[in-house]
Amino acid sequence: MSDSTLFSSSEVFEQLFETLDSEDSYESYAFSQPGSPPGTLIVDADSAQTSIFLIDYNDNDALGVILPEPEDCIPYLDSNSVSWLDVQGLGSEEVLQRLGKVFNLHPLLLEDVVNIPQRPKVEEYEQHLLIILRSATLVKGSKKFAIEQISLILGKNYLLTVQEDVKGDCFDLVRQRIHRDKGIIRQQGTDYLAYTLIDAVVDGFFPILEAYGEKLESLENKVVNNPDPKVLNKIHRIKRELLILRRALWPHRDAINSLIRDQQEFVSPATQVYLRDCYDHTVQLIDMVETYREIAHSLMEIYLSSMSNRTNEVMRLLTVISTIFIPLTFIVGVYGMNFDPNQPGNMPELAMPYGYVICWLVMLAISGGLLYYFAKKGWIGGIT
């Protein structure tokens with residue numbers, strides 16, 4: 001292998017990691033060292049510090065507290081109420097390890113929760129059911145969105161959720177429903193709470209896709225009326241972002257379908273009926289993403305066709321102008337030769353009275369005739 005090939009390959013990898021680290025990237029990646037033992041946790045130095053929030057509720061009451069230590073949740077786990085432990089931030093490996101001991105989590109389960117990103121999936125362990133999802137939320141003050149991994153660990157009377165970010169999630173309405181006792185959520189078990197959170201994650205994609213639908217509609221008008229390279233760059237960006245959304249959404253279909261199809265120890269048949277609605281919404285979102293990707297691809301084709309048509313119009317106009325000036329150039333070239341009109345065999349028109357005026361009239365007549373001919377053929381009728 002030549003030195004130039006090695007140099008070009010290193011440049012490609014440098015550009016790759018610069019892209020992953022740039023502010024335009026939507027996902028962060030953590031890689032384990034080859035040969036690491038199973039259950040190795042990789043904590044990103046830039047991750048937010050871990051915070052623990054607990055909501056404990058039953059038919060009559062709901063309690064929300066912040067837990068300073070992971071072990072503070074043990075008294076709530078032994079009660080007959082439903083305990084939702086929400087862990088936000090993956091910046092403290094010690095806290096995460098202690099949580100694993102409190103809930104007796106399998107090392108591979110804890111590895112999937114901490115080492116992000118993971119493909120959305122459902123895995124059943126002896127004491128827990130692991131559900132990994134990807135959520136999309138709009139970044140405040142920006143038109144961008146952020147993809148975040150959310151892990152649901154379902155036990156007999158508790159639900160443990162682990163989020164990689166602390167800047168906000170899509171669970172605020174669920175928390176309000178619990179505290180205000182809206183709906184039937186406080187009369188149900190942990191599996192219904194898990195369904196409610198899954199439904200919130202799936203529905204969180206709808207506002208983002210609706211925003212992309214409006215963007216594509218606006219770009220369609222610009223592509224048709226005034227195509228320019230800036231519009232093409234926007235279309236490329238939208239196609240890339242829709243691909244990211246597709247990769248986040250597509251595995252959800254199989255994960256939710258496994259919750260519906262398989263007999264789960266931690267999910268009751270009554271809750272599986274509700275999960276069908278989540279599955280339908282996921283399929284609908286995937287169809288929307290595919291439709292918008294096709295629209296973006298069509299806009300690129302329309303843009304290229306519009307630019308080609310504009311180029312053809314310009315070339316046709318230049319061709320018409322050149323065609324008109326060809327006979328005029330011939331005439332002035334012939335009569336611009338410096339021959340003596342008094343010598344035999346030379347041009348007698350050079351001494352003709354009003355020869356200059358007659359030459360202009362002939363050239364104007366030729367130009368007008370060519371314009372009339374081109375217009376009759378329809379070659380210059382559409383030129384703007």
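Residues numbered from 1 in each chain as written. Predicted model: local features only at pLDDT ≥ 70, side-chain atom pairs only at ≥ 80, totals over all residues. Heavy atoms only, no water.

Examining the overall build of the protein chain
Part 1 of the reasoning: Looking only at helices and strands, the protein chain has 10 helices and 7 strands in total.
Part 2 of the reasoning: If you take every contact in the protein chain between residues at least 6 apart in sequence, the share linking residues at least 24 apart comes to 67%. (Helix = DSSP H or I, 4+ residues; strand = E, 2+ residues; numbered from the N terminus. Contact = heavy atoms within 4.5 Å.)

Considering the packing of aromatic side chains
Part 1 of the reasoning: Under the defined criterion, the tally for this structure stands at 6 aromatic pairs.
Part 2 of the reasoning: Ring geometry for Tyr195 versus Tyr274: centroids 5.4 Å apart, planes at 35°, classification tilted. One end of the pair, Tyr195, is in helix H6 (residues 190–203); the other, Tyr274, is in helix H9 (residues 269–335), and 79 residues separate them in sequence.
Part 3 of the reasoning: For Tyr274, a relative accessible area of 35% translates into the label partly exposed.
Part 4 of the reasoning: The rings of Tyr192, Tyr195 and Tyr274 are connected pair by pair, giving a single aromatic cluster.
Part 5 of the reasoning: The ring of Trp250 is capped by Arg246, whose NZ or CZ atom sits 4.9 Å from the centre of that ring.
Part 6 of the reasoning: Its guanidinium or amino end placed over the ring of Trp250, Arg253 lies 4.4 Å from that ring's centre, counting from NZ or CZ. (Phe/Tyr/Trp six-rings, centres within 6.5 Å; stacked < 30°, edge-to-face > 60°. Buried < 20%, exposed > 50% of the residue type's maximum accessible area, 1.4 Å probe, protein only. Lys NZ or Arg CZ within 6 Å of the ring centre and 35° of its normal.)

Let's talk about helix H7 (residues 205–225)
Part 1 of the reasoning: End to end, H7 covers 31 Å across 21 residues, agreeing with the expected 30 Å (1.5 Å per residue, within 8%).
Part 2 of the reasoning: Looking at H7, one finds that the buried residues are Phe205, Phe206, Ile208, Leu209, Tyr212, Gly213, Leu216, Leu219 and Val223. Down the axis, H7 shows its buried residues gathered within 150° of arc, on one side only. Opposite the buried face of H7, by more than 90 degrees, sit the exposed residues Glu214, Glu217 and Asn225.
Part 3 of the reasoning: Buried residues in H7 make contact with strand S5 (129–138), strand S6 (145–154), H6, helix H8 (229–261) and H9. (Expected span 1.5 Å × (residues − 1). Arc of directions from axis to C-beta.)

What about a negative patch on the surface?
Part 1 of the reasoning: Together, Glu210, Glu214, Glu217 and Glu220 make up a region of like negative charge exposed at the surface.
Part 2 of the reasoning: Position of Glu217 among the secondary structure elements: in helix H7.
Part 3 of the reasoning: You can call Glu217 exposed: its relative accessible area is 53%. (Patch = residues over 30% accessible without salt bridge, like charges linked within 9 Å, V, L, I, M, F, W, Y side chains within 5 Å. Areas by Shrake-Rupley, 256 points an atom, 1.4 Å probe, with all protein chains shown as cover. Salt bridge = Lys/Arg side-chain N within 4 Å of Asp/Glu carboxyl O. Lys, Arg positive; Asp, Glu negative; His and termini not counted. Charge placed at Lys NZ, Arg CZ, Asp CG, Glu CD.)

Structural notes on the packing of H6 against H7
Part 1 of the reasoning: Where H6 contacts H7, the two axes come as close as 5 Å, and the packing angle between them is 10°. The orientation of H6 relative to H7 falls into the category roughly parallel. In this structure, H6 contributes Val201, Val202 and Asp203 to the contact, and H7 contributes Phe205, Phe206 and Pro207.
Part 2 of the reasoning: Of the residues contributing to the contact of H6 with H7, the split by class is 5 nonpolar, no polar and 1 charged. (Axes fitted to C-alpha atoms, helices over the stretch in contact; angles between N-to-C directions. Parallel < 35°, antiparallel > 145°, perpendicular 65-115°, else oblique. Nonpolar A, V, L, I, M, F, W, Y, C, P; charged D, E, K, R; others polar.)

Quick word on unusual backbone geometry
Part 1 of the reasoning: A cis amide bond, omega 0°, links Ile116 with the succeeding residue Pro117.
Part 2 of the reasoning: Of note in this structure, Asn104 is not a glycine but carries a positive phi near 55°.
Part 3 of the reasoning: Looking at the element boundaries, Asn104 is found in the loop between helix H3 (93–102) and helix H4 (107–114).
Part 4 of the reasoning: Of note, Asp181 is a non-glycine position whose phi angle comes to about 55°, a positive value.
Part 5 of the reasoning: By the element assignment, Asp181 lies in the loop between helix H5 (172–180) and H6.

Side note on the pattern of salt bridges
Part 1 of the reasoning: Evaluated as defined, the whole model comprises 12 salt bridges.
Part 2 of the reasoning: Among the ionic pairs, Arg98 bridges to Glu69, the shortest N-O distance being 2.6 Å. Placement of Arg98 in helix H3 and of Glu69 in the loop between strand S2 (62–67) and helix H2 (74–77) is noted, with a sequence separation of 29 residues between them.
Part 3 of the reasoning: Put simply, Glu69, Glu71, Glu94 and Arg98 are held in one network by salt bridges that share partners.

Regarding the nonpolar core
Within soluble globular proteins, side chains that are nonpolar tend to cluster in buried spots.
Part 1 of the reasoning: In terms of nonpolar packing, the biggest core is built from 61 residues, with Leu152, Ile178, Leu193, Ile198 and Leu245 touching the most fellow members.
Part 2 of the reasoning: Among the elements that make up this core, the one with the highest residue count is H8 (12 residues).
Part 3 of the reasoning: Formed by 26 residues, the second largest nonpolar core is a distinct cluster that contains Ile52, Leu85, Val87 and Phe103. (Core = buried A, V, L, I, M, F, W, Y, C linked by side-chain atoms within 4.5 Å.)

Some thoughts on the side chain of Gln163
Part 1 of the reasoning: With respect to the helices, strands and loops of the structure, Gln163 is situated in strand S7 (residues 158–163).
Part 2 of the reasoning: Side-chain polar atoms of Gln163 contact the side chain of Asp86, separated by 3.0 Å.
Part 3 of the reasoning: In contact with Gln163, other than residues within four places in its own chain, are Asp86, Val87, Gln88, Gly89, Leu90, Glu148, Gln149, Ile150, Asp169, Phe171 and Arg175. (Polar contact = N/O pair within 3.5 Å; in protein donor to acceptor, adjacent residues only side chain to side chain.)

As for the packing of H6 against H9
Two numbers describe a pair of packed helices, the interaxial angle and the distance between the axes.
Part 1 of the reasoning: Where H6 contacts H9, the axes come no closer than 10 Å and their chain directions differ by 10°. Accordingly, the angle class assigned to the pair H6 and H9 is roughly parallel. Where H6 abuts H9, its residues Asp191, Tyr192, Tyr195, Ile198, Asp199, Val202 and Asp203 lie against Thr271, Tyr274, Leu275, Asp277, Cys278, His281, Thr282 and Leu285.
Part 2 of the reasoning: Residue composition of the contact of H6 with H9, grouped by class: 8 nonpolar, 3 polar and 4 charged.

Notes on H6
Part 1 of the reasoning: Helix length check: H6, at 14 residues, gives a terminal C-alpha distance of 20 Å against a target of 20 Å (1.5 Å per residue), a fit within 8%.
Part 2 of the reasoning: With 13 of 14 residues buried, H6 lies mostly within the body of the structure.

Topic: the environment of Asn225
Part 1 of the reasoning: Tracing the backbone shows Asn225 in helix H7.
Part 2 of the reasoning: Residue classification places Asn225 among the exposed positions, given a relative accessible area of 63%.
Part 3 of the reasoning: With 81 residues separating them along the chain, Asn225 and Ser306 place their C-alpha atoms 9.1 Å apart.

Topic: the pairing of S6
Part 1 of the reasoning: Counting buried positions along S6 gives 9 out of 10 residues, so the element sits mostly inside the fold.
Part 2 of the reasoning: Strand direction decides the pairing type here: S5 and S6, joined by 10 bridges, are antiparallel. Along S6, the bridge assignment pairs Leu129 with Leu154.
Part 3 of the reasoning: Alignment of S6 against S7, held across 5 bridges, turns out to be antiparallel. Following the sheet pairing, Ser151 is matched in S7 by Val162.
Part 4 of the reasoning: In this structure, the hairpin formed by S6 and S7 is closed by a connection of 3 residues. (Pairing = 2+ DSSP bridges.)

Spatial relationships are all this shows, so hold off on functional conclusions.
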